[in-house]
Amino acid sequence: MAVLQDKGSSRVELHNVSRFFGDVKAVNEVSFSIEEGEFFSLLGPSGCGKTTTLRLIAGLDRPDAGTITIGQEGVAGEKVWVGPEKRGIGIVFQDYALFPHMTVEQNIAFGLDGLNKEEARQRTEEMLTVVGLVGLGKRYPHEISGGQCQRVALARSLAPLPKVILLDEPFSNLDADLREELRNETRRILKERGTTTILVTHDQEEAFSLSDRVGVLNLGRLEQIGTPAEIYHHPSTRFVADFVGKADFVAGSVEGGVVVSDIGSFPLNGEKINDSNAVEIMIRPDDVDFVEDGGGNATIVEARFLGASIMYIMQLSNGKVLHSLKPSTKAIPTGAKVQIKVDAAHIVLFPKAVG
């Protein structure tokens, strides 16, 4: 990918970074750059290499190849190594990692050895205000909630004014309502302070709602990097299309410059695919519409109520299943015959894999 020349003090860049564990390529020639103040997420399934990548950036592990730069300083490479304590990085872990024998104030002040007592006290009070925990400084971790513990962990990481914050699935242990509230509050705090942030998560909704850009990892390789909208609507690989959001794949072929399938014909949308080539057509549920029609080409076999919307599962005459997301204001019963209409603007084509 192109390397930008404007190097902010908290810019992070990885170039051909690899980390192997025996024959396992946990991180395989990964390259990307994160701009100063950007909120960036590494998204992928378990075992894809995202946490290992985070550990390499933090200095908790050494790469076997490649270079890592923070600001204008190389921190890891063939002849370069800067320890984690000198990288100017804060880390918030999934399990909070608070000291149980220390109060909230003492936990926050733990990394402020470079300040005198009064400066450390003022910084701690400032952090309590930033994360909304004023009045709880004298309590111990077991005396506050899980969400409050995560706020303490964030405050402790922010207190030394780090160049970069690394978030290692920090919201996964919280219940759904608190998770959404806290992650939105965390983004607000980090954006207001202009902190460069890297989040590791397997949660697509979390990555999309928080991030300026997202990098999708699979088996140690970076499959795609882009804005949430780019990743969702224009996946560059079959894996990204299948992993990110719900998608159906319909077989088709290119004939006369159009894609022909059992659910209709579609334009190529600028994609360069030759005639007679077999393809798979990726279709998102929000791009599938239908109307009740006794002579329609599909049958509703299931309707999943999701609150504001209903996910309809429809079966074509050839047995193929499609999903459609519709508002829940009007429910259509299972067994109803429908005529499917697909919005061709967002379909994405992938060459059909041989075998």
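Anything mentioned here points back to the structure above.
Residues numbered from 1 in each chain as written. Predicted model: local features only at pLDDT ≥ 70, side-chain atom pairs only at ≥ 80, totals over all residues. Heavy atoms only, no water.

Looking now at a negative patch on the surface. Taken together, the side chains of Asp 175, Asp 177, Glu 180 and Glu 181 define an acidic patch exposed on the protein surface. Position of Glu 181 among the secondary structure elements: in helix H5 (residues 176-193). (Patch = residues over 30% accessible without salt bridge, like charges linked within 9 Å, V, L, I, M, F, W, Y side chains within 5 Å. Areas by Shrake-Rupley, 256 points an atom, 1.4 Å probe, with all protein chains shown as cover. Salt bridge = Lys/Arg side-chain N within 4 Å of Asp/Glu carboxyl O. Lys, Arg positive; Asp, Glu negative; His and termini not counted. Charge placed at Lys NZ, Arg CZ, Asp CG, Glu CD. Helix = DSSP H or I, 4+ residues; strand = E, 2+ residues; numbered from the N terminus.)

Here helix H4 (residues 146-158) crosses H5 at 15°, and the two axes come no closer than 11 Å. As judged from the angle between their axes, H4 and H5 are roughly parallel. Once H4 is placed against H5, the crossing between them reads as right-handed. Each of Gly 147, Gln 150, Arg 151, Leu 154 and Leu 158 in H4 lies in contact with H5, whose residues at this interface are Leu 178, Glu 181, Leu 182, Glu 185, Thr 186, Ile 189, Leu 190 and Arg 193. Its residues assigned to classes, the contact of H4 with H5 comprises six nonpolar, three polar and four charged. (Axes fitted to C-alpha atoms, helices over the stretch in contact; angles between N-to-C directions. Parallel < 35°, antiparallel > 145°, perpendicular 65-115°, else oblique. Left-handed = near helix turned anticlockwise from the far one by under 90°. Contact = heavy atoms within 4.5 Å. Nonpolar A, V, L, I, M, F, W, Y, C, P; charged D, E, K, R; others polar.)

Attention now goes to helix H3 (residues 117-130). Here H3 spans 20 Å end to end across 14 residues, near enough to the 20 Å set by a 1.5 Å rise per residue. Within H3, burial applies to Ala 120, Arg 123, Thr 124, Met 127 and Leu 128. The buried residues of H3 all sit within an arc of 140° when viewed along its axis, so they share a single face. If you follow the buried residues of H3, they end up packed against helix H2 (104-109), H4 and H5. Of the residues that open H3, the one with a side-chain oxygen 3.1 Å from the backbone nitrogen of Glu 118 is Asn 116. Immediately downstream of H3, the backbone of Gly 132 shows phi near 70°, a positive value. (Expected span 1.5 Å × (residues − 1). Buried < 20%, exposed > 50% of the residue type's maximum accessible area, 1.4 Å probe, protein only. Arc of directions from axis to C-beta. Polar contact = N/O pair within 3.5 Å; in protein donor to acceptor, adjacent residues only side chain to side chain.)

Nonpolar side chains in soluble globular proteins tend to end up buried together. In this structure, Ile 108, Val 152, Leu 154, Leu 158, Leu 167 and Leu 190 are the most contacted members of the largest nonpolar core, which totals 30 residues. Mapped by element, the contributors of at least two residues to this core are H2, H3, H4, strand S8 (164-168) and H5. With six residues, H4 is the single largest residue contributor to this core. Beyond its immediate stretch of four places on either side in the chain, Leu 190 contacts Phe 39, Leu 154, Leu 158, Ile 165, Leu 167, Thr 195 and Thr 197. If you look at the next biggest cluster of nonpolar residues, it comprises 27 residues, including Val 259, Ala 298, Tyr 312 and Ala 336. (Core = buried A, V, L, I, M, F, W, Y, C linked by side-chain atoms within 4.5 Å.)

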